[in-house]
Amino acid sequence: MTPGWWAMALCEAVKDQVPLAVAFAGEELVLFRNAAGQAFALEDRCPHRRVPLALGRVVESGLQCGYHGWTFDGASGGCTQIPNLHTDERVPARYAARAFAVSEANGFVHVWLGEGAPQGQLPSSDYQPGGREFTGSTIVNMSHDQYLDAMLDGPECLLGFAHVRLTDFFLGDLRSEQGRVVLERGAVWTTQILPSQFVVDYPLIVRTAVPFNGGTVRVDLLSEDELPLVTLMIATGANRRGTTSLCWRGFVHEHVHLRAPLRWRLARLRKQAPFQVNSRIDGTAVAALLQTSSRELRELRQPTLIPVSAVV
Amino acid sequence: MHAVPSSTDTIPGKVRGDWTPINYDLRDTWFPVSHSRDLGNRPIRRIIHAQPYYLWRDNGRAVAAEFHPHFPHKELTLTAFTGGRGFYPLVERYGYIWVWYGNPDAADMQLLPHIPFLPQDGSLPGYTQRTVRFDATSALSVENLIDLTHADFLHANTIGDGVSESDVVEVQWTSETVTRTRTVAQKSVAPIMRWVGGVRARYQDFRAVLHIHLRSNVCISYPRFRPGYDVPNLQPFLPVGKHRSRCDVTFNTTAAPAPFRYVMPRINYIIQPQDNSVVRPQNQRYFEVDPRRDLHSRFDTPGTRYRYQMEQLAERQRAGQFTYGGDAEPGRDITALLGMND
């Protein structure tokens with residue numbers, strides 16, 4: 001993990017009444033938005049008695065701790081209210097929770113972790129949805145590094161596209177594009193009678209783009225002409241005890257693939273989910289994966305850590 | 001010479017930073033480990049920190065031992081807590097089984113707390129007694145109790161909000177006790193007192209005195225509501241390790257009308273989950289010295305005094321001083337201190 005912007009939640013999951021707790025790479029955060037819709041991130045720890053602020057509620061002046069009612073401004077983290085103080089009593093200026101910079105874009109809430117002023121592109125910047133989106137979030141029982149590795153070595157263990165069977169025949173080696181390693185593999189329609197090894201040219205391509213240092217994974221289902229059919233963005237982050245948080249958005253492109261089977265087209269018309277991200281991962285299948293392209297990813301990874309201090 | 005050294009888990013020296021209540025393991029005190037009515041011929045087990053206490057009655061006489069009476073020789077290692085004899089000092093009073101934790105040669109009945117609203121022979125009806133469990137170490141549980149301002153948020157639906165005409169919190173202490181007195185004028189009537197106790201007034205005054213014995217976490221509480229009732233109660237937090245505490249409570253509501261007298265002792269079944277929702281995640285954040293000290297408001301004065309007095313006491317025990325200070329007198333009459341004579 002390097003300092004930078006990290007997608008941590010879906011925009012619609014961050015609400016203006018109930019805060020959302022997020023564990024990300026060792027940080028405990030709480031996300032919420034004010035009545036005007038602006039999203040904020042604070043450390044999920046009241047500086048008064050260390051209780052998670054996520055147990056509190058959103059009020060007009062910020063996030064109110066559920067234990068004693070201390071309230072913190074979302075932007076600065078400053079304590080705006082201690083209940084029962086007299087009107088002439090002031091809260092000391094240094095009383096504050098740690099606050100983090102937040103940026104919302106493309107349906108994701110991004111939080112800046114690290115020193116210095118927030119800068120650089122958001123990890124979801126290349127996600128431009130068209131039409132109906134399909135979203136979700138979960139925590140999988142797999143470590144973050146292993147999840148990213150498996151996304152290259154065997155994405156079929158982690159997700160699936162409707163009516164599509166992924167193969168493990170890689171179309172080339174890893175290549176580097178915009179901070180991600182990209183790998184393509186062949187895929188076939190499940191309606192195909194013959195097994196995939198009898199295919200001369202794969203009718204589908206699954207392109208997996210995994211960030212060097214974790215973060216947002218992009219998966220595209222492409223036609224053999226490399227026209228995008230389905231795009232999926234999965235924001236990943238290390239949760240506690242070796243688990244991984246996921247939240248995702250995806251959509252079917254407007255382009256209608258003429259050689260797609262009827263059932264796929266009907267599903268598209270019925271606006272059925274074109275993919276699924278697995279909440280339960282088959283340990284036997286993952287254990288059986290051979291280490292292939294992830295070997296190179298590990299070599300490319302930069303072993304840096306996020307500094308613990310807040311940026312605001 | 002003291003037979004039981006301080007726990008190796010206690011901090012060896014003074015460390016700069018915030019307190020670490022998880023590591024308190026204070027010795028030479030009486031712990032009320034069970035309601036008397038819960039003890040019969042069948043052995044039961046209680047734990048103080050990591051020390052097992054097996055309790056049973058032998059011809060009606062309460063016994064506390066390091067070993068299970070049915071398996072007396074099973075991997076038995078007698079410790080200094082019993083002087084190698086296997087049996088702990090024990091006293092039965094106020095409806096509780098009190099056992100000694102520390103050097104058995106220092107056990108002294110004069111060190112038992114004085115609890116003026118409980119009959120010495122424990123002759124109270126069963127509805128006054130309940131057992132609840134807290135998902136935090138005993139010191140954090142006590143701090144939760146001493147801090148009444150959290151009730152305005154966490155327990156507003158049962159105890160009431162914090163809106164009042166005046167609200168004065170005072171604290172006094174000795175080397176072994178901390179006493180908090182909160183006097184509130186014209187407070188909204190607590191929901192339980194309104195709906196169950198039949199207090200139809202809109203506002204009420206109340207004075208709540210909480211007397212805490214630091215070594216044993218015995219909390220003697222005397223809240224008086226006017227109009228309303230007195231709700232004297234004993235909440236002894238037994239330190240069952242670093243993550244949990246057990247509380248065998250007694251609410252002497254016998255002078256209050258029905259159904260309030262029956263319902264009030266059961267209020268802990270509502271209060272306790274609410275408290276656990278915050279102390280449970282809070283507990284794990286107090287295991288290590290945090291360079292970021294907790295912030296305080298003036299409402300935390302009793303709590304900060306409690307922290308300071310606990311640190312002082314722990315410091316003395318770390319230095320090998322286990323005797324009670326001259327100002328302590330755990331057994332002194334606290335009737336006036338609790339405001340029972342007013």
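Note that this is a predicted model, so its numbers are computed, not measured. (Residues numbered from 1 in each chain as written. Chains lettered and ligands numbered in written order. Predicted model: local features only at pLDDT ≥ 70, side-chain atom pairs only at ≥ 80, totals over all residues.)

Some thoughts on the overall build of chain B
At step 1: The number of helices and strands found in chain B is six helices and 13 strands.
At step 2: For chain B, whose C-alpha radius of gyration is 20 Å, the value lies close to the compact-globule estimate of 20 Å for 342 residues.
At step 3: With respect to the principal axes defined by its C-alpha atoms, chain B has extents near 60 × 50 × 35 Å.
At step 4: Expressed as a percentage of the 342 residues in chain B, the buried residues total 44%.
At step 5: Across chain B, the fraction of contacts at a sequence separation of at least 24, relative to all contacts at a separation of at least 6, is 65%. (Helix = DSSP H or I, 4+ residues; strand = E, 2+ residues; numbered from the N terminus. Rg over C-alpha atoms; globule rule 2.2 N^0.38 Å. Buried ≥ 20, exposed ≤ 12 C-beta atoms within 10 Å, placed from the backbone. Contact = placed C-beta atoms within 7 Å.)

Concerning the interface of chain B and chain A
At step 1: In this assembly, 17 residues from chain B lie in contact with 15 residues from chain A.
At step 2: The element best represented in the side of chain B that touches chain A is helix α5 (residues 268–283) of chain B, accounting for four residues.
At step 3: Classifying every residue of the side of chain B that touches chain A gives seven nonpolar, six polar and four charged. (Nonpolar A, V, L, I, M, F, W, Y, C, P; charged D, E, K, R; others polar.)

Topic: the sheet that holds strand β2 (residues 44–48) of chain B
Note on sheets: strands pair through backbone hydrogen bonds, and any given pair is parallel or antiparallel.
Residues and elements named next belong to chain B.
At step 1: Here we have three strands laid out as an open sheet, ordered β2-β3-β4, and antiparallel in their pairing. Both outer strands of the open sheet, β2 and β4 (61–65), are each paired with one neighbouring strand and no more. Direction aside, neighbouring strands of the sheet carry axes that sit 30° apart on average.
At step 2: For strand β3 (residues 51–58) and β4, the ladder comprises five bridges, and the chain directions are antiparallel. Within the sheet, the bridge partner assigned to Arg57 lies in β4 and is Ala62. (Pairing = 2+ DSSP bridges. Axes fitted to C-alpha atoms, helices over the stretch in contact; angles between N-to-C directions.)

Regarding α5 of chain B
Residue and element names in this part refer to chain B.
At step 1: Between its first and last C-alpha, α5 extends only 20 Å over 16 residues, short of the 22 Å set by a 1.5 Å rise per residue.
At step 2: A bend of about 35° at Asn276 is the largest found in α5.
At step 3: All of the buried residues in α5 are Asn268, Asp275, Val278, Val279, Pro281, Gln282 and Asn283.
At step 4: In this fold, the buried residues of α5 make contact with β7 (129–134), α1 (138–146), α2 (151–154) and β13 (244–251). (Expected span 1.5 Å × (residues − 1). Bend = angle between axes of the 7 residues up to and from the residue.)

Observations regarding the confidence of the model for chain B
Residue and element names in this part refer to chain B.
At step 1: Taken over all residues, the pLDDT of chain B has a mean of 89, while the share at 70 or more is 93%.
At step 2: The element-level mean pLDDT for chain B is lowest in α2, coming to 82, with strand β6 (residues 96–101) highest at 98.
At step 3: Of the two predicted TM-score estimates for the complex, the pTM is 0.89 and the ipTM is 0.87. (pLDDT = per-residue confidence, 0-100.)

A look at the pairing of strand β11 (residues 108–113) of chain A
All names here are of chain A.
At step 1: By the criterion of burial, β11 is predominantly enclosed, with six of the six residues buried.
At step 2: Neither face of β11 is exposed, since Phe108, His110 and Trp112 on one face and Val109, Val111 and Leu113 on the opposite face are all buried.
At step 3: Across six bridges, strand β1 (residues 4–10) lies against β11 in antiparallel orientation. Among the inter-strand pairings, Trp5 is bridged to a residue of β11, identified as Trp112.
At step 4: Relative to β11, strand β10 (residues 102–105) is paired through four bridges, and the arrangement is antiparallel. Within the sheet, the bridge partner assigned to Val102 lies in β11 and is Val111.
At step 5: Linkage of β10 to β11, two consecutive antiparallel strands, is achieved through a turn of two residues, within which Asn106 is found at a positive phi near 55°.

A word on the domain arrangement of chain A
Residue and element names in this part refer to chain A.
At step 1: Under the domain assignment used here, chain A contains domain 1 (4–113) and domain 2 (133–300).
At step 2: The C-alpha centroid of domain 2 is placed 34 Å from the C-alpha centroid of domain 1.
At step 3: Contacts between the two partners involve eleven residues from domain 1, matched on the other side by 13 residues from domain 2.
At step 4: With five residues, β1 is the single largest residue contributor to the side of domain 1 that touches domain 2.
At step 5: Split into classes, the residues belonging to the side of domain 1 that touches domain 2 amount to ten nonpolar, one polar and no charged. (Domains from an automatic or database assignment.)

Things to note about the nonpolar core
At step 1: With 156 residues, the main nonpolar core has Met8, Leu31 and Val111 of chain A together with Val99 of chain B as its most contacted residues.
At step 2: Among residues more than four places away in sequence, those in contact with Val111 of chain A are Trp6, Met8, Leu29, Ala41, Phe100 and Val102 of chain A. (Core = buried A, V, L, I, M, F, W, Y, C linked by C-beta atoms within 7 Å.)

Notes on the pairing of strand β20 (residues 244–252) of chain A
All names here are of chain A.
At step 1: By the criterion of burial, β20 is predominantly enclosed, with nine of the nine residues buried.
At step 2: Burial along β20 is two-sided: Thr244, Leu246, Trp248, Gly250 and Val252 facing one way and Ser245, Cys247, Arg249 and Phe251 facing the other are all buried.
At step 3: Here eight bridges tie strand β12 (residues 133–140) to β20, and the two strands are oriented antiparallel to one another. Residue Val140 lies in a different strand from β20, and its bridge partner there is Thr244.
At step 4: Judged from the nine bridges that link them, strand β19 (residues 228–238) and β20 form a sheet pairing that is antiparallel. Within β20, the residue paired with Ala235 across the bridge is Cys247.
At step 5: Counting the residues between successive antiparallel strands, the hairpin from β19 to β20 contains five residues, one of them, Arg241, with a positive phi of roughly 50°.

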